[in-house]
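Chain by chain, the residues:
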Amino acid sequence: MVDAGSTGSRIHVYRFNNCGATPELESEEFKMITPGLSSYKADAEAAAKSLDALLEVAVEKVPDKLKACTPIAVKATAGLRLLGEEMSRKTLDAVRQRLETRYPFPVVAGDGVSIMEGKDEGVYAWITTNYLLGKIGSPEDTPTAAIFDLGGGSTQIVFQPTFPSIGGGMPEHLTPGDHKYALNFGGRNFDLYQHSHLGYGLMEARRSVHKSLAETQKKEGGEDWDKKPIINPCIIPGMSREVTVKMGEDEEVKLNMTGPSEPSMPQCRFLAETILKKDKQCKLTPCSFNGVHQPSLARTFAKEDVYIFSYFFDRTRPLGMPDSFTLKEMTETTAKVCGGKDSWDVFHSIEGAMPELLDRPEYCLDLSFMLALLHTGYEMPLDREVRIAKKIKGNELGWCLGASLPLLDQGNGGWQCRLTETS
């Protein structure tokens, strides 16, 4: 399974024991490369060729006698969604052509090389997490974990809400709509709430904040507005970053984003909250942000485990954040980061923390957006504990494992091959 994400591509080569009621994952090989397919834009052939380094892993790890019946799929996510229909289609066509003509693995029929819908991305990540935790795959009524996945172009939320009974009557149910995902897995039925917020991944959030500041300076800065440094409260004091901002359909400008002389975490948090559009009309209450319906986490998912991963993990673990922490503790760490070098004494004892901070002037922006997203956007209380993880039981989190499990159904090429090998 190849995950063609917005900032990079990753391959997962899975080996399963599929003799029982639920497939047992025996091993996983993983490799990541950068940049992502979308960075090649109109050069579809170069994009397709970039995956060769990943496919070599599959060629090496899959036994020769199983190669012809080991299915492969390439699923693109938010990066290609944002690229536009024509360029993304040409890129996927080139990828399929290269797979079918140069490699021995059968490409999954139909949507084997495709842009995955945001709802599937989130639900498959939910399956991966709960499968590895042992919370699904058996008929037992085990509480499941929620997942919050933060990519470069989009962010996903998936959880199984529990509605309290009112006045001793029947409990409420999840309101029908695109947000409701009915899933049957391991003999259990799940009514999941899911939503993929396109444009609210970490890289897109950065672009939105930078664009907001650029538009303000353009209005107030006169003719040479783009030649002057822009004071950006989300850049760490004493640091700067040159960024390219898309001001219109055909207008891009390079701007110098410079940190303020004094820490300004509240102003950065304000900018991060502004792009969430909390005041947008909510047609089906309650809503999280940008007018999107979401059951209240405090009311329908108050105590169960919450896993946050991808960029959530990548920006908190290097700073010494433990496997679980509260949003209040995350706020305290964010304040230290946004405070600049004078506030970084605590990070000197964390291996690798200082190089991370010194290399990322926008670290304050990233953490402030994550906090705004979780607390203001999803309305998660500050005392709520969350768990970060990159792996569970040695296996990578994300949507890939969850998307691979359905391929083990009878009738699939891998199943037929397994029967042949047994006989």
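Not measured: the values here are computed from a predicted model.

Per the counting criterion, the structure on display carries three disulfides. The disulfide partner of cysteine 338 is cysteine 364, and the S-S distance across this bridge is 2.0 Å. Every disulfide takes its handedness from the sign of the S-S torsion; for cysteine 338 and cysteine 364 that torsion is 100°, giving right-handed. Residue cysteine 338 is located in helix α11 (residues 327-338), and its partner cysteine 364 is located in helix α13 (residues 363-377); the two are separated by 26 residues in the primary sequence.

The next point concerns the sheet that holds strand β12 (residues 251-258). Pairing is mixed across the open sheet formed by three strands, whose spatial order is β10-β12-β11. A single partner strand is all that each edge strand has here, and the edge strands are β10 (230-231) and β11 (240-248). Pairing of β11 with β12 involves eight bridges; the strand directions are antiparallel. The partner of valine 243 across the bridge, within β12, is leucine 255. Set on the sheet, helix α7 (residues 202-220) makes contact with β10, β11 and β12; between it and β11 the angle comes to about 75°.

Core analysis: the biggest nonpolar cluster contains 68 residues, and Phe148, Ile308, Phe369 and Leu374 have the highest contact counts within it. Examining the composition of this core, we find that ten residues originate from one element, α13, more than from any other. What phenylalanine 148 contacts, discounting residues up to four positions off in sequence, is Gln156, Ile157, Leu297, Val306, Tyr307, Ile308, Phe309, Phe312, Leu374, Tyr378 and Met380. Core analysis: the second largest hydrophobic core is formed by 34 residues, Val108, Met116, Val123 and Ile127 among them.

Here the largest pocket is characterised by a volume of approximately 1,400 Å³. Leu82, Met203, Glu204, Arg207 and Lys246 are the residues nearest the centre of the largest pocket, which is lined by 38 residues in total. Those elements that place two or more of their residues in the lining of the largest pocket are α4 (78-83), α7 and β11. Looking at the lining of the largest pocket residue by residue, the class counts come to eleven nonpolar, 15 polar and twelve charged.

Let us now look at the pattern of salt bridges. Considering all chains together, one arrives at 24 salt bridges under this definition. Glutamate 100 is the salt-bridge partner of arginine 96, the closest N and O atoms lying 3.2 Å from each other. Of this pair, arginine 96 and glutamate 100 both sit in helix α5 (residues 85-102), four residues apart, roughly one helical turn. Note that glutamate 251 and lysine 218 form a salt bridge whose closest N and O atoms lie 3.7 Å from each other. Here the residue glutamate 251 occupies a position in strand β12, and lysine 218 occupies one in helix α7, the gap between them amounting to 33 residues. Its relative accessible area of 38% is what places lysine 218 among the partly exposed residues. Among the charged side chains, a salt-bridge network with shared partners connects Arg206, Arg241, Arg315, Glu362 and Asp366.

Turning next to the UniProt feature "active site" (unreviewed entry) in the protein chain. Annotation from UniProt places "active site" (unreviewed entry) at Glu121. Considering the arrangement of structural elements, one finds glutamate 121 in helix α6 (residues 118-132).

Read across the open sheet, the five strands follow the order β3-β2-β1-β4-β5; overall the sheet is mixed. Each edge of the open sheet carries a strand with a single partner, namely β3 (24-33) and β5 (113-115). The mean angle between the axes of side-by-side strands here comes to 20°, regardless of whether they run parallel or antiparallel. Across three bridges, strand β1 (residues 2-4) lies against strand β2 (residues 9-17) in antiparallel orientation. When the sheet's bridge partners are listed, aspartate 3 is paired in β2 with arginine 10. Against the sheet, helix α2 (residues 52-61) contacts β1, β2 and β3, and its axis sits at roughly 20° relative to β2.

Taken as a whole, this structure holds seven aromatic pairs when the rule is applied. For the ring pair tryptophan 126 and phenylalanine 190, a centre distance of 5.3 Å and an interplane angle of 70° mean the geometry is edge-to-face. On the criterion of sequence distance, the pair formed by tryptophan 126 in helix α6 and phenylalanine 190 in strand β9 (residues 188-198) is long-range, its members being 64 residues apart. Pair check on accessibility: tryptophan 126 and phenylalanine 190 agree, each one buried. Arranged with centres 5.5 Å apart and planes meeting at 50°, the rings of phenylalanine 159 and tyrosine 193 form a pair that is tilted. Residue phenylalanine 159 is located in strand β7 (residues 154-159), and its partner tyrosine 193 is located in strand β9; the two are separated by 34 residues in the primary sequence. The class for phenylalanine 159 is buried, based on a relative accessible area of 0%. The rings of Phe148, Tyr200, Phe289 and Tyr378 are connected pair by pair, giving a single aromatic cluster. Geometry around tyrosine 363 places arginine 315 over its ring, the cationic atom sitting 5.9 Å from the centre.

Domain boundaries in the protein chain define domain 1 (2-116 + 396-408) and domain 2 (142-154 + 162-180 + 271-392). Put simply, the middle of domain 1 and the middle of domain 2, counted by C-alpha atoms, are 29 Å apart. Listed per partner, the contact involves eight residues of domain 1 and nine residues of domain 2. Buried surface at the junction of domain 1 and domain 2, summed over both partners, amounts to about 690 Å²; 60% is from carbon and sulfur atoms. Remark: the boundary between domain 1 and domain 2 carries one salt bridge. As a salt-bridge pair, glutamate 396 and lysine 391 come within 3.9 Å of each other at their nearest N and O atoms. Linking domain 1 to domain 2 there are two residue pairs in polar contact (both at pLDDT 80 or more). In terms of residues, the side of domain 1 that touches domain 2 owes the most to one element, α4, which gives three residues.

About the thresholds
Residues numbered from 1 in each chain as written. Predicted model: local features only at pLDDT ≥ 70, side-chain atom pairs only at ≥ 80, totals over all residues. Heavy atoms only, no water. Disulfide = S-S within 2.5 Å. Helix = DSSP H or I, 4+ residues; strand = E, 2+ residues; numbered from the N terminus. Pairing = 2+ DSSP bridges. Contact = heavy atoms within 4.5 Å. Axes fitted to C-alpha atoms, helices over the stretch in contact; angles between N-to-C directions. Core = buried A, V, L, I, M, F, W, Y, C linked by side-chain atoms within 4.5 Å. Buried < 20%, exposed > 50% of the residue type's maximum accessible area, 1.4 Å probe, protein only. 1 Å grid on protein atoms, 1.4 Å probe; cavity = no way out; pocket = protein on both sides within 12 Å on 5 of 7 lines; lining within 4 Å. Points joined across faces, edges and corners; volume = space filled by probe spheres on them. Nonpolar A, V, L, I, M, F, W, Y, C, P; charged D, E, K, R; others polar. Salt bridge = Lys/Arg side-chain N within 4 Å of Asp/Glu carboxyl O. UniProt positions renumbered as here; feature names shortened; annotations may be inferred. Phe/Tyr/Trp six-rings, centres within 6.5 Å; stacked < 30°, edge-to-face > 60°. Lys NZ or Arg CZ within 6 Å of the ring centre and 35° of its normal. Domains from an automatic or database assignment. Buried area = accessible area lost by both parts, 1.4 Å probe. Polar contact = N/O pair within 3.5 Å; in protein donor to acceptor, adjacent residues only side chain to side chain.

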